Amino acid sequence: MRRTTDRAVPGGALRSPAGDGAAPSPGQAPGAGPTATPRPRRDTRWREATPWFFLLIPLALLVVFTYAPVVNMIAYSFTDWDGVSPDLKVTGVHNYADIFTRPELFQVFFVSGYYLAASVVQIAVALYFATVLSFHTRFRDFFKGVLFFPYLINGVAIGFVFLYFFQDGGTLDSVLRLFGAGTERAWLGTPASANISLAGVSVWRYTGLNFVLFLGAIQSVPGELYEASALDGANRWQQFRHIIAPGIRPILGLSVILSVSGSLAVFEIPYIMTGGATGTETFVIQTVKLAFQFNKTGLASAAAVVLLVIILLVTWVQRRLVPDDKADLV
């Protein structure tokens with residue numbers, strides 16, 4: 001007996017075996033499902049434009065308060081504007097020539113050398129303590145807090161504290177007398193001792209930042225690697241050389257960039273402690289004085305552009321020498 005694929009329903013209509021679906025249209029193949037309704041083009045455009053509406057305010061703030069001032073700064077660097085009068089005269093590259101030819105303007109680059117050397121010490125100290133405290137050490141949480149605490153203090157407060165620390169007969173001289181040194185030297189009286197003292201303060205303050213970066217990078221290395229190396233007889237130095245150092249290379253590169261740019265843009269500590277006197281004037285202090293004390297906004301803008309170019313150049317060179325490749329430790 002022949003069986004039919006359609007079943008009768010009350011009312012004389014036929015229902016397909018697939019259930020309550022609609023009957024196929026004349027242009028649709030039998031057994032095919034209903035065609036999805038295409039989304040209107042207007043709705044699609046709105047969905048694509050929605051992320052830009054969320055980014056509109058942040059982008060506007062970024063352009064108004066970052067990129068527009070940079071463009072104006074570059075434009076002012078080619079003028080002799082004093083920052084007050086509406087009249088300004090285009091001088092071309094005269095301001096840039098003054099920065100690199102006038103000794104009183106160029107010598108601030110040598111002051112940055114003290115802070116650059118201090119940044120090397122800072123990275124080495126932070127890396128050492130981050131490596132030691134990443135293993136099981138007694139009171140390691142306490143030492144983590146001690147190392148990171150100076151970075152939380154305001155820079156102005158640090159400047160005033162160390163101003164009394166280095167003054168004649170101050171805290172440092174008192175501590176040295178306890179050990180029989182008995183020195184009464186002026187720690188901030190000569191360019192060499194003043195810059196070394198200020199660079200030491202910067203090491204004390206910013207070591208905690210590098211310490212936290214290194215500690216987080218070291219703790220992100222899988223613990224199985226340490227266990228396997230310990231089973232193979234590796235000591236702490238070999239673990240650092242073959243596991244820790246390759247694993248934190250991107251963070252180490254970032255720390256170098258931050259240290260170099262920070263050594264060129266030092267401002268708070270020397271400005272509070274010496275005001276740029278006794279040969280401690282940094283690039284940023286000189287730029288601020290040119291703009292607001294001597295009313296040479298055009299020359300100050302050129303100095304700021306030079307600083308920006310130097311930082312970008314150092315970053316580019318560092319990225320070329322040490323590419324930011326992902327380390328494969330497995």
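What you see is a predicted model, and the numbers here were worked out from it, not measured in a lab.

Caption draft 1: Layout of the overall build of the protein chain. When its secondary structure is counted, the protein chain shows 14 helices and two strands. Buried positions account for 30% of the 330 residues belonging to the protein chain. When contacts within the protein chain are restricted to residue pairs at least 6 apart in sequence, long-range pairs at least 24 apart make up 62% of them. On the protein chain, roughly 21,500 Å² of surface is accessible, and the fraction owed to carbon and sulfur atoms is 66%.

Caption draft 2: Structural detail: the nonpolar core. Core analysis: the largest hydrophobic core is formed by 18 residues, its most contacted members being A130, F211, F214, I218, Y226, I244 and I248. Setting aside anything within four residues of it in sequence, one finds A130 in contact with F211, F214, L215 and I218.

Caption draft 3: Highlighting the packing of helix α6 (residues 155-165) against helix α8 (residues 191-219). At a minimum axis separation of 11 Å, α6 and α8 run at an interaxial angle of 135°. Considering the angle they form, α6 stands oblique to α8. As α6 packs across α8, the resulting crossing turns out to be right-handed. Where α6 approaches α8, its residues G155, I158 and F162 are matched on the opposing element by V201, W204 and R205. Classifying every residue of the contact of α6 with α8 gives four nonpolar, one polar and one charged.

Caption draft 4: Structural context of unusual backbone geometry. The phi angle at T278 is positive, at roughly 50°, despite the residue not being glycine. Among the secondary structure elements, T278 is positioned in the loop between α12 (268-273) and α13 (283-292). In this structure, N295 takes a positive phi of about 55° despite not being glycine. Checked against the element boundaries, N295 lands in the loop between α13 and α14 (297-321).

Caption draft 5: How the structure looks around the pattern of salt bridges. As enumerated under the stated definition, the model contains three salt bridges in all. Between E268 and R205 there is a salt bridge, with its nearest N and O atoms 2.7 Å apart. Pair noted here: E268 is in helix α12 and R205 is in helix α8, with a separation of 63 residues, a long-range link.

Caption draft 6: Fine view of the confidence of the model for the protein chain. Taken residue by residue, the protein chain gives an average pLDDT of 81. The fraction at 70 or more is 84%. Taken together, the stretch residues 1-22 has pLDDT below 50 and engages in 14 contacts with residues farther than four places along the chain or on a different chain.

Caption draft 7: Geometry of the packing of α8 against helix α11 (residues 249-264). Two elements in contact, α8 and α11, have axes separated by 10 Å at closest approach and are oriented at 170°. On the basis of the axis angle, α8 is roughly antiparallel to α11. Counted together, N210, L213, F214 and A217 of α8 and I251, L252, S255, L258 and S259 of α11 form the full contact between these two elements. Here the contact of α8 with α11 is built from residues that sort into six nonpolar, three polar and no charged.

Conventions adopted
Residues numbered from 1 in each chain as written. Predicted model: local features only at pLDDT ≥ 70, side-chain atom pairs only at ≥ 80, totals over all residues. Heavy atoms only, no water. Helix = DSSP H or I, 4+ residues; strand = E, 2+ residues; numbered from the N terminus. Buried < 20%, exposed > 50% of the residue type's maximum accessible area, 1.4 Å probe, protein only. Contact = heavy atoms within 4.5 Å. Areas by Shrake-Rupley, 256 points an atom, 1.4 Å probe, with all protein chains shown as cover. Core = buried A, V, L, I, M, F, W, Y, C linked by side-chain atoms within 4.5 Å. Axes fitted to C-alpha atoms, helices over the stretch in contact; angles between N-to-C directions. Parallel < 35°, antiparallel > 145°, perpendicular 65-115°, else oblique. Left-handed = near helix turned anticlockwise from the far one by under 90°. Nonpolar A, V, L, I, M, F, W, Y, C, P; charged D, E, K, R; others polar. Salt bridge = Lys/Arg side-chain N within 4 Å of Asp/Glu carboxyl O. pLDDT = per-residue confidence, 0-100.

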